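For reference, the chains in residue letters:
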Amino acid sequence: MGLVHSDNIRAKRFKKTDIPTFYIHGYGSSYHAEKYMVDSALENGVTNTVVRANVRRNGSIRILHNYRWTNKSYNPLVEINFTDNHNRNYPRYASWFGQILKKLQYQHHFKKYNVVAHSLGNLDLMYYLLGKERKPAELVHQVDIAGPFDGSNIDGFNFPNNTLNAQSRPSQMSPFYRFFLTNRDLYPIDQVNVLNIYGNLDNGSNTDGRISTTSARSLKYLIGNRAKSYHQIEFRGWDAAHSLLRRNPVVSQKIIDFIWGKDETS
């Protein structure tokens, strides 16, 4: 009961809406990769509802309730868990994400949603957003963490000498970056607030150990001019490593403030 009471007090600092936030993990990972960020939101009183969307290898979806989603829920969080997590078929994951969104939108009738994606989960999200299928709800906040938008040493498109021009266009492009570039006109105009978070080990490599800062920053060229707002934050040092970013308390606080922060005039 103490958690509920403290939530009621702390939640006053945040916007309380019916807009859900979906968390998408990366390659070889699971919902466990999302737990620190989700738990931080819970502990700060941001939400009173967490559900898990479990996607089996055949694409069937099962919704598991940690805190039941009711008409009294606010800022519900959805942990996505892909059982088939060693597959680089990003369009398939994008389709599964779309099915989760439709299923929950049909059940709970929300009109808007947010997404927090880590690592290759960012590619799943981009394939969904730049796909031609009809979207059941409008994306409001997009948080990209350690996004390999133009390749990484995970997917075999690592460009160690890649550079960005003044508009953040990369000189070398992966096949999926070229797909995004071809379809970027499908990204909604003046609708999405974007926060791009990436790491730099500060050891001369200009990477987080997996993703180059060039690859992460290349997102700006794709959607920066179409987003409602676009912000980039670089974290530097050993704790900016690829898998540590999602467990970094400062990153979690940045996400909380960005998505649910309530300014003094609101």
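Fair warning: this is a prediction, and the values are worked out from it, not measured in the lab.

### Some remarks on helix α8 (residues 249-260)
1) Next: With twelve residues, α8 extends 16 Å between its outermost C-alpha atoms, agreeing within 8% with the 16 Å of an ideal straight helix rising 1.5 Å per residue.
2) Next: Among the residues of α8, Val 251, Ser 252, Ile 255, Ile 256, Phe 258, Ile 259 and Trp 260 are the ones counted as buried.
3) Next: Sitting at the amino-terminal end of α8 is Asn 248, which places a side-chain oxygen 2.8 Å from the backbone nitrogen of Val 250.

### Regarding the packing of aromatic side chains
1) Next: With the rule as written, the count across this model stands at 16 aromatic pairs.
2) Next: When the centroid spacing of 4.8 Å and the interplanar angle of 50 degrees are considered together, the rings of Phe 82 and Tyr 93 count as tilted. You can see Phe 82 sitting in strand β4 (residues 77-82) and its partner Tyr 93 sitting in helix α3 (residues 90-108), a full eleven residues away along the chain.
3) Next: Geometrically, the ring pair formed by Phe 179 and Phe 180 is edge-to-face, given 6.2 Å between the ring centres and 70 degrees between the ring planes.
4) Next: Following the ring pairs from residue to residue traces out a cluster consisting of Phe 22, Trp 69, Phe 97, Phe 110, Tyr 113 and Tyr 128.
5) Next: Over the ring of Tyr 27 we find Arg 88, and its NZ or CZ is 4.4 Å from the ring centre.

### Quick word on the sheet that holds strand β5 (residues 112-118)
1) Next: Read across the sheet, eight strands follow the order β3-β2-β4-β1-β5-β6-β7-β8 without closing on themselves; strand pairing throughout is mixed. Among the strands making up the open sheet, the edge pair consists of β3 (61-67) and β8 (229-236). Recorded for the sheet is a direction-independent mean angle of 20 degrees between the axes of neighbouring strands.
2) Next: Bridge count for strand β1 (residues 21-24) against β4 is three bridges, and the pairing is parallel. Bridging across to β4, Thr 21 finds its partner in Leu 77.
3) Next: Across the sheet, α3 lies against β1, β2 (50-55), β3, β4 and β5, angled at about 60 degrees from β3, the strand it touches most.

### Section: the packing of α3 against helix α4 (residues 121-129)
1) Next: Relative to each other, α3 and α4 sit at 70 degrees, their axes nearing to 8 Å. For the element pair α3 / α4, the angle class is roughly perpendicular. Within the contact between the two elements, α3 uses Tyr 90, Pro 91, Tyr 93, Ala 94, Phe 97, Gly 98 and Leu 101 and α4 uses Leu 123, Asp 124, Leu 125, Tyr 127 and Tyr 128.

Cut-offs and rules
- Here the residue index of a chain counts from 1 through its sequence in written order.
- For a predicted model such as this one, the threshold for reporting local features is a pLDDT of at least 70, and the threshold for listing and counting side-chain atom pairs is 80 or more; totals across whole chains, interfaces and linings nevertheless cover every residue.
- Only hydrogens and water are set aside when side-chain values are computed; all heavy atoms of the structure are taken into account.
- Note on conventions: DSSP H or I runs of at least 4 residues are helices, E runs of at least 2 residues are strands, and numbering of each starts at the N terminus.
- Expected helix span is taken as 1.5 Å per residue step, with the number of steps being one fewer than the number of residues.
- For the exposure calls, accessible area comes from a 1.4 Å probe over protein chains only, and a residue counts as buried if that area is under 20% of its type's maximum, exposed if over 50%, partly exposed in between.
- Within 3.5 Å is the distance limit for a polar contact, defined as a pair of N or O atoms, with the added protein rule that one can donate a hydrogen and the other accept it, and that residues adjacent in sequence qualify only through two side-chain atoms.
- Two rings belonging to Phe, Tyr or Trp (six-membered ring only in the last case) form a pair when the distance between their centres is within 6.5 Å. Interplanar angles under 30 degrees mark stacking, angles over 60 mark edge-to-face geometry, and anything in between is tilted.
- Two conditions define a charge sitting above a ring: the NZ of Lys or the CZ of Arg must be within 6 Å of the ring centre, and it must be within 35 degrees of the ring normal.
- In this analysis, strands are considered paired if DSSP registers two or more bridges between them.
- The convention used is that axes are lines fitted to C-alpha atoms, helices contributing only their stretch in contact, and that angles between N-to-C directions extend from 0 to 180 degrees.
- Contact definition: two residues touch when any of their heavy atoms are within 4.5 Å.
- Should an angle fall under 35 degrees it is taken as roughly parallel, and over 145 as roughly antiparallel, whereas 65 to 115 is taken as roughly perpendicular and any remaining angle as oblique.

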